[in-house]
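Read off the chains here:
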Amino acid sequence: MGNELEPVHYSVLYREILAFFLSVFDKDRELLFLDGTAGEGGHSLLLLEQFPNSKLVLVDRDSIMLSRAQARLSAYSSRVIPIEANFSDLDSEFLNSFGVSNPPDGILLDLGISTFHLLHAGRGFSFRENEPLDMRLSSSGGISAEDVINTYPEKALSKIFYEYGEERWTKKIVEAILERRRHSRIGYSGDLAQLVSRVIPRKFWPPGRHPATRVFQALRIEVNQELLHIEVGVKKLLDLLAKGGLLQVISFHSLEDRIVKNLFRDYARGGEAKLLTKKPALPSDAETKENPASRSAKLRVIHKSLPTDTEDEEEEDEE
(Lines give C-alpha, C1' and ligand atoms only; values in the text may rest on other atoms or scores of the structure.)
Protein backbone atom coordinates (compact mmCIF):
# COMPACT_ATOMS: atom_id res chain seq x y z
CA MET A 1 0.00 0.00 0.00
CA GLY A 2 2.98 2.28 0.34
CA ASN A 3 2.77 5.34 2.53
CA GLU A 4 -0.45 4.90 4.49
CA LEU A 5 -0.97 8.63 4.73
CA GLU A 6 -0.36 9.48 1.11
CA PRO A 7 -3.52 11.18 -0.19
CA VAL A 8 -5.08 9.40 -3.17
CA HIS A 9 -8.30 11.41 -3.54
CA TYR A 10 -8.72 14.21 -6.08
CA SER A 11 -10.68 17.17 -4.70
CA VAL A 12 -13.46 17.39 -7.27
CA LEU A 13 -14.74 20.82 -8.37
CA TYR A 14 -12.48 22.53 -5.83
CA ARG A 15 -12.10 25.70 -7.94
CA GLU A 16 -15.86 26.14 -8.19
CA ILE A 17 -16.38 25.40 -4.48
CA LEU A 18 -13.81 27.98 -3.43
CA ALA A 19 -15.23 30.52 -5.85
CA PHE A 20 -18.72 30.21 -4.35
CA PHE A 21 -17.44 30.56 -0.79
CA LEU A 22 -15.20 33.50 -1.72
CA SER A 23 -18.11 35.22 -3.48
CA VAL A 24 -19.97 35.38 -0.15
CA PHE A 25 -17.31 35.43 2.57
CA ASP A 26 -14.33 37.69 3.14
CA LYS A 27 -11.36 35.37 3.44
CA ASP A 28 -10.14 37.10 6.62
CA ARG A 29 -13.40 36.61 8.52
CA GLU A 30 -13.63 34.24 11.48
CA LEU A 31 -15.84 31.56 9.99
CA LEU A 32 -16.93 28.07 10.91
CA PHE A 33 -16.91 25.51 8.11
CA LEU A 34 -18.26 21.96 8.25
CA ASP A 35 -17.04 19.24 5.94
CA GLY A 36 -19.62 16.51 6.36
CA THR A 37 -17.77 13.95 4.22
CA ALA A 38 -14.11 14.43 5.09
CA GLY A 39 -12.70 11.70 2.88
CA GLU A 40 -9.01 12.39 2.30
CA GLY A 41 -9.40 15.94 3.65
CA GLY A 42 -8.63 17.64 0.33
CA HIS A 43 -11.53 20.09 0.32
CA SER A 44 -11.00 20.84 4.03
CA LEU A 45 -7.34 21.61 3.41
CA LEU A 46 -8.26 24.15 0.73
CA LEU A 47 -10.76 25.86 3.04
CA LEU A 48 -8.29 26.08 5.92
CA GLU A 49 -5.66 27.52 3.58
CA GLN A 50 -7.96 30.05 1.91
CA PHE A 51 -9.69 31.19 5.11
CA PRO A 52 -6.82 31.53 7.62
CA ASN A 53 -9.00 32.69 10.53
CA SER A 54 -11.58 29.98 10.13
CA LYS A 55 -12.26 26.80 12.07
CA LEU A 56 -13.53 23.58 10.57
CA VAL A 57 -15.67 20.70 11.82
CA LEU A 58 -14.31 17.57 10.14
CA VAL A 59 -16.88 14.77 9.88
CA ASP A 60 -16.72 11.25 8.44
CA ARG A 61 -18.58 8.05 9.25
CA ASP A 62 -15.45 5.97 8.61
CA SER A 63 -12.88 6.16 11.43
CA ILE A 64 -10.06 5.26 9.03
CA MET A 65 -10.91 8.09 6.66
CA LEU A 66 -11.28 10.53 9.53
CA SER A 67 -7.80 9.61 10.80
CA ARG A 68 -6.33 10.01 7.32
CA ALA A 69 -7.95 13.41 6.92
CA GLN A 70 -6.71 14.54 10.34
CA ALA A 71 -3.18 13.52 9.44
CA ARG A 72 -3.38 15.50 6.22
CA LEU A 73 -4.62 18.55 8.15
CA SER A 74 -2.14 18.16 11.01
CA ALA A 75 -0.60 21.60 10.36
CA TYR A 76 -4.02 23.11 11.14
CA SER A 77 -5.01 20.81 14.02
CA SER A 78 -5.73 23.74 16.37
CA ARG A 79 -8.48 24.86 13.97
CA VAL A 80 -10.00 21.44 13.31
CA ILE A 81 -12.72 19.67 15.32
CA PRO A 82 -12.90 15.99 14.23
CA ILE A 83 -16.13 14.04 14.66
CA GLU A 84 -16.75 10.42 13.68
CA ALA A 85 -20.36 10.43 12.51
CA ASN A 86 -22.61 10.31 9.49
CA PHE A 87 -23.55 13.76 8.26
CA SER A 88 -27.20 12.73 8.71
CA ASP A 89 -26.54 12.65 12.48
CA LEU A 90 -25.68 16.33 12.61
CA ASP A 91 -27.90 18.84 14.33
CA SER A 92 -27.23 21.60 16.86
CA GLU A 93 -27.66 19.31 19.88
CA PHE A 94 -25.26 16.73 18.45
CA LEU A 95 -22.63 19.36 17.63
CA ASN A 96 -23.02 20.97 21.04
CA SER A 97 -21.93 17.67 22.60
CA PHE A 98 -18.59 18.18 20.82
CA GLY A 99 -18.23 21.77 21.97
CA VAL A 100 -19.51 23.31 18.74
CA SER A 101 -22.03 25.93 19.81
CA ASN A 102 -22.17 28.19 16.75
CA PRO A 103 -23.97 27.25 13.53
CA PRO A 104 -21.60 26.67 10.59
CA ASP A 105 -21.26 29.43 8.01
CA GLY A 106 -20.24 27.09 5.23
CA ILE A 107 -21.11 23.41 4.78
CA LEU A 108 -19.76 21.04 2.14
CA LEU A 109 -20.83 17.51 1.23
CA ASP A 110 -18.98 15.40 -1.33
CA LEU A 111 -21.20 12.36 -1.87
CA GLY A 112 -18.65 10.48 -3.97
CA ILE A 113 -16.78 7.47 -2.65
CA SER A 114 -13.13 8.05 -1.82
CA THR A 115 -10.47 6.67 -4.13
CA PHE A 116 -8.91 5.17 -0.99
CA HIS A 117 -12.00 3.00 -0.51
CA LEU A 118 -11.80 1.80 -4.09
CA LEU A 119 -8.08 1.09 -4.10
CA HIS A 120 -7.01 0.27 -0.57
CA ALA A 121 -9.88 -0.34 1.85
CA GLY A 122 -10.10 -4.07 1.13
CA ARG A 123 -13.89 -4.03 1.53
CA GLY A 124 -14.94 -5.12 -1.94
CA PHE A 125 -15.85 -1.70 -3.35
CA SER A 126 -13.88 -2.38 -6.52
CA PHE A 127 -14.31 -5.10 -9.10
CA ARG A 128 -10.62 -4.84 -9.95
CA GLU A 129 -9.54 -6.80 -6.86
CA ASN A 130 -10.88 -10.02 -5.36
CA GLU A 131 -11.81 -8.75 -1.89
CA PRO A 132 -14.46 -9.78 0.65
CA LEU A 133 -17.85 -8.37 -0.34
CA ASP A 134 -18.33 -5.90 2.47
CA MET A 135 -18.86 -2.35 1.13
CA ARG A 136 -19.72 -0.85 4.53
CA LEU A 137 -18.47 2.72 4.83
CA SER A 138 -18.82 2.67 8.61
CA SER A 139 -17.07 0.43 11.09
CA SER A 140 -20.17 0.36 13.31
CA GLY A 141 -21.66 -2.75 11.71
CA GLY A 142 -24.80 -3.27 9.69
CA ILE A 143 -25.58 -5.48 6.73
CA SER A 144 -22.78 -6.22 4.26
CA ALA A 145 -22.87 -6.56 0.48
CA GLU A 146 -22.29 -10.28 0.92
CA ASP A 147 -25.44 -10.48 3.04
CA VAL A 148 -27.42 -8.60 0.39
CA ILE A 149 -26.23 -10.75 -2.51
CA ASN A 150 -26.74 -14.05 -0.70
CA THR A 151 -29.93 -13.46 1.30
CA TYR A 152 -32.11 -10.87 -0.45
CA PRO A 153 -35.02 -12.39 -2.40
CA GLU A 154 -35.30 -11.98 -6.17
CA LYS A 155 -37.69 -9.02 -6.02
CA ALA A 156 -35.50 -7.05 -3.61
CA LEU A 157 -32.32 -7.65 -5.62
CA SER A 158 -34.09 -6.61 -8.81
CA LYS A 159 -35.32 -3.39 -7.19
CA ILE A 160 -31.80 -2.50 -6.00
CA PHE A 161 -30.06 -3.11 -9.33
CA TYR A 162 -32.77 -1.47 -11.43
CA GLU A 163 -33.51 1.57 -9.28
CA TYR A 164 -30.11 2.30 -7.72
CA GLY A 165 -27.93 1.07 -10.56
CA GLU A 166 -30.28 1.71 -13.49
CA GLU A 167 -29.03 -1.62 -14.81
CA ARG A 168 -30.86 -2.76 -17.95
CA TRP A 169 -29.63 -6.35 -17.55
CA THR A 170 -31.10 -6.66 -14.07
CA LYS A 171 -33.33 -9.66 -14.78
CA LYS A 172 -30.57 -11.84 -16.19
CA ILE A 173 -28.05 -10.75 -13.53
CA VAL A 174 -30.45 -11.61 -10.71
CA GLU A 175 -31.23 -14.97 -12.32
CA ALA A 176 -27.52 -15.76 -12.47
CA ILE A 177 -27.03 -14.75 -8.83
CA LEU A 178 -29.93 -16.93 -7.68
CA GLU A 179 -28.59 -19.89 -9.66
CA ARG A 180 -25.07 -19.44 -8.32
CA ARG A 181 -26.08 -19.16 -4.69
CA ARG A 182 -28.08 -22.37 -4.88
CA HIS A 183 -24.72 -24.10 -5.06
CA SER A 184 -22.29 -21.79 -3.29
CA ARG A 185 -22.17 -18.47 -1.47
CA ILE A 186 -20.91 -15.41 -3.37
CA GLY A 187 -18.38 -13.91 -0.99
CA TYR A 188 -15.84 -11.95 -3.02
CA SER A 189 -15.95 -8.93 -5.27
CA GLY A 190 -14.04 -10.70 -8.04
CA ASP A 191 -16.60 -13.52 -8.12
CA LEU A 192 -19.49 -11.10 -8.46
CA ALA A 193 -17.70 -9.03 -11.11
CA GLN A 194 -17.03 -12.15 -13.19
CA LEU A 195 -20.62 -13.30 -12.86
CA VAL A 196 -21.96 -9.97 -14.13
CA SER A 197 -19.39 -9.85 -16.92
CA ARG A 198 -20.52 -13.28 -18.16
CA VAL A 199 -24.19 -12.27 -18.13
CA ILE A 200 -23.87 -9.04 -20.12
CA PRO A 201 -22.85 -9.65 -23.75
CA ARG A 202 -19.56 -7.96 -24.50
CA LYS A 203 -21.07 -5.82 -27.28
CA PHE A 204 -23.28 -4.20 -24.61
CA TRP A 205 -20.48 -3.40 -22.16
CA PRO A 206 -20.38 0.38 -21.50
CA PRO A 207 -17.39 2.00 -23.20
CA GLY A 208 -14.56 2.75 -20.80
CA ARG A 209 -16.28 1.14 -17.82
CA HIS A 210 -16.40 -2.31 -16.28
CA PRO A 211 -19.74 -4.04 -16.98
CA ALA A 212 -20.26 -4.59 -13.24
CA THR A 213 -19.99 -0.87 -12.37
CA ARG A 214 -23.72 -0.32 -11.97
CA VAL A 215 -24.26 -3.44 -9.90
CA PHE A 216 -21.45 -2.49 -7.51
CA GLN A 217 -22.78 1.05 -7.25
CA ALA A 218 -26.28 -0.20 -6.45
CA LEU A 219 -24.97 -2.57 -3.79
CA ARG A 220 -22.97 0.19 -2.10
CA ILE A 221 -26.00 2.47 -2.03
CA GLU A 222 -28.14 -0.27 -0.47
CA VAL A 223 -25.56 -1.38 2.11
CA ASN A 224 -24.94 2.16 3.34
CA GLN A 225 -28.50 3.46 2.86
CA GLU A 226 -26.96 6.41 1.08
CA LEU A 227 -30.11 7.92 -0.41
CA LEU A 228 -31.89 7.91 2.95
CA HIS A 229 -28.93 9.61 4.61
CA ILE A 230 -28.90 12.28 1.89
CA GLU A 231 -32.62 12.96 2.35
CA VAL A 232 -32.35 13.19 6.12
CA GLY A 233 -28.93 14.82 6.25
CA VAL A 234 -29.45 17.65 3.78
CA LYS A 235 -32.67 18.66 5.55
CA LYS A 236 -30.82 18.79 8.87
CA LEU A 237 -27.91 20.74 7.41
CA LEU A 238 -30.22 23.32 5.85
CA ASP A 239 -31.70 23.93 9.29
CA LEU A 240 -28.26 23.91 10.92
CA LEU A 241 -26.67 26.39 8.50
CA ALA A 242 -26.12 29.92 9.83
CA LYS A 243 -28.08 32.78 8.30
CA GLY A 244 -26.10 34.11 5.39
CA GLY A 245 -24.35 30.74 5.08
CA LEU A 246 -23.69 28.50 2.08
CA LEU A 247 -24.40 24.79 1.68
CA GLN A 248 -22.64 23.10 -1.23
CA VAL A 249 -23.29 19.49 -2.27
CA ILE A 250 -21.41 17.42 -4.87
CA SER A 251 -23.25 14.37 -6.20
CA PHE A 252 -22.19 11.70 -8.70
CA HIS A 253 -25.43 9.84 -9.33
CA SER A 254 -28.70 11.03 -10.84
CA LEU A 255 -30.71 9.76 -7.85
CA GLU A 256 -28.48 11.66 -5.41
CA ASP A 257 -28.62 14.82 -7.47
CA ARG A 258 -32.41 14.65 -7.78
CA ILE A 259 -32.82 14.48 -4.00
CA VAL A 260 -30.51 17.45 -3.45
CA LYS A 261 -32.15 19.47 -6.24
CA ASN A 262 -35.65 18.93 -4.86
CA LEU A 263 -34.66 19.69 -1.26
CA PHE A 264 -32.87 22.88 -2.27
CA ARG A 265 -35.76 23.98 -4.50
CA ASP A 266 -38.38 23.40 -1.81
CA TYR A 267 -36.28 25.20 0.80
CA ALA A 268 -35.74 28.19 -1.50
CA ARG A 269 -39.46 28.37 -2.26
CA GLY A 270 -40.07 28.87 1.45
CA GLY A 271 -38.32 32.24 1.14
CA GLU A 272 -35.46 31.31 3.47
CA ALA A 273 -32.72 30.93 0.86
CA LYS A 274 -31.68 31.49 -2.73
CA LEU A 275 -30.41 28.92 -5.20
CA LEU A 276 -27.01 29.93 -6.54
CA THR A 277 -27.09 27.08 -9.06
CA LYS A 278 -30.29 26.95 -11.09
CA LYS A 279 -28.46 24.28 -13.01
CA PRO A 280 -25.62 22.38 -11.33
CA ALA A 281 -22.03 23.47 -11.78
CA LEU A 282 -20.08 20.86 -13.74
CA PRO A 283 -16.37 20.05 -13.99
CA SER A 284 -14.45 21.87 -16.67
CA ASP A 285 -12.99 20.01 -19.64
CA ALA A 286 -9.56 20.51 -18.07
CA GLU A 287 -10.67 18.86 -14.84
CA THR A 288 -12.26 15.85 -16.53
CA LYS A 289 -9.08 15.32 -18.52
CA GLU A 290 -6.99 15.57 -15.36
CA ASN A 291 -9.40 13.39 -13.36
CA PRO A 292 -11.80 11.33 -15.54
CA ALA A 293 -13.68 10.17 -12.41
CA SER A 294 -15.00 13.72 -12.01
CA ARG A 295 -16.97 13.61 -15.25
CA SER A 296 -20.28 12.74 -13.54
CA ALA A 297 -19.92 15.26 -10.68
CA LYS A 298 -22.58 17.91 -10.15
CA LEU A 299 -22.38 20.78 -7.66
CA ARG A 300 -25.46 22.49 -6.24
CA VAL A 301 -25.24 25.53 -3.96
CA ILE A 302 -27.81 27.29 -1.78
CA HIS A 303 -27.40 30.59 0.11
CA LYS A 304 -29.48 30.89 3.27
CA SER A 305 -31.50 33.98 4.18
CA LEU A 306 -31.46 35.72 0.85
CA PRO A 307 -34.60 36.73 -1.06
CA THR A 308 -35.93 33.73 -2.93
CA ASP A 309 -35.90 33.68 -6.70
CA THR A 310 -38.13 31.00 -8.18
CA GLU A 311 -37.93 32.13 -11.78
CA ASP A 312 -37.07 29.27 -14.15
CA GLU A 313 -36.49 26.85 -11.26
CA GLU A 314 -38.42 24.17 -13.11
CA GLU A 315 -35.99 24.43 -16.02
CA GLU A 316 -33.15 22.76 -14.16
CA ASP A 317 -31.50 19.91 -16.00
CA GLU A 318 -32.80 16.38 -15.77
CA GLU A 319 -31.21 13.11 -16.84
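Placed above this text is the structure.
Residues numbered from 1 in each chain as written. Predicted model: local features only at pLDDT ≥ 70, side-chain atom pairs only at ≥ 80, totals over all residues. Heavy atoms only, no water.

Draft legend 1. Here's a closer look at empty space enclosed by the protein. Summed over the entire model, instances satisfying the criterion amount to 2 cavities of 30 Å³ or more. Volume-wise, the second largest cavity comes out at about 30 Å³. Together, Tyr14, Ile17, Leu18, His43, Leu46, Leu47 and Leu108 line the second largest cavity. Of all the secondary-structure elements, those providing two or more residues to the lining of the second largest cavity are α1 (14–24) and α2 (42–50). Residues of the lining of the second largest cavity, tallied by class, amount to 6 nonpolar, 1 polar and no charged. (1 Å grid on protein atoms, 1.4 Å probe; cavity = no way out; pocket = protein on both sides within 12 Å on 5 of 7 lines; lining within 4 Å. Points joined across faces, edges and corners; volume = space filled by probe spheres on them. Helix = DSSP H or I, 4+ residues; strand = E, 2+ residues; numbered from the N terminus. Nonpolar A, V, L, I, M, F, W, Y, C, P; charged D, E, K, R; others polar.)

Draft legend 2. Spatial organisation of the environment of Ile83. Tracing the sequence through the fold places Ile83 in strand β3 (residues 80–84). Judged by relative accessible area, which is 0%, Ile83 ranks as buried. If sequence neighbours within four positions are ignored, Ile83 has contacts with Val57, Leu58, Val59, Asp60, Leu66, Phe94, Leu95 and Phe98. (Buried < 20%, exposed > 50% of the residue type's maximum accessible area, 1.4 Å probe, protein only. Contact = heavy atoms within 4.5 Å.)

Draft legend 3. Main features of the side chain of Arg79. Summarising the element assignment, Arg79 is placed in the loop between α3 (63–72) and β3. Buried within the structure, Arg79 lacks any salt-bridge partner; Glu49 is the closest side chain of opposite charge, at an N-O distance of 9.2 Å. Among the polar contacts listed, one links the side chain of Arg79 to the backbone oxygen of Leu48, at a separation of 2.9 Å. Setting aside anything within four residues of it in sequence, one finds Arg79 in contact with Leu48, Phe51, Pro52, Asn53, Ser54, Lys55 and Leu56. (Lys, Arg positive; Asp, Glu negative; His and termini not counted. Salt bridge = Lys/Arg side-chain N within 4 Å of Asp/Glu carboxyl O. Polar contact = N/O pair within 3.5 Å; in protein donor to acceptor, adjacent residues only side chain to side chain.)

Draft legend 4. Summary view of the pairing of strand β2 (residues 55–60). In terms of burial, β2 is a largely internal element, 5 of the 6 residues being buried. In terms of strand pairing, strand β1 (residues 32–35) meets β2 through 4 bridges, oriented parallel. Each residue of the ladder has a partner; that of Leu34, found in β2, is Val57. The β-α-β motif built from β1, the intervening α2 and the parallel element β2 has right-handed crossover chirality. When β2 meets β3, the two strands line up parallel, connected through 5 bridges. Paired with Val59 across the bridge in β3 is Ile83. Chirality of the crossover, the property in question, places the unit of β2, α3 and β3 among those that are right-handed. (Pairing = 2+ DSSP bridges. Right-handed = clockwise from strand over helix to strand, strands pointing away.)

Draft legend 5. Up close: α1. Burial in α1 covers these residues: Glu16, Ile17, Leu18, Phe20 and Phe21. Packing partners of the buried residues in α1 comprise β1, α2, β4 (106–110), β5 (246–251), α13 (285–290) and β7 (298–304).

As far as function goes, none of this settles anything; it's purely spatial.
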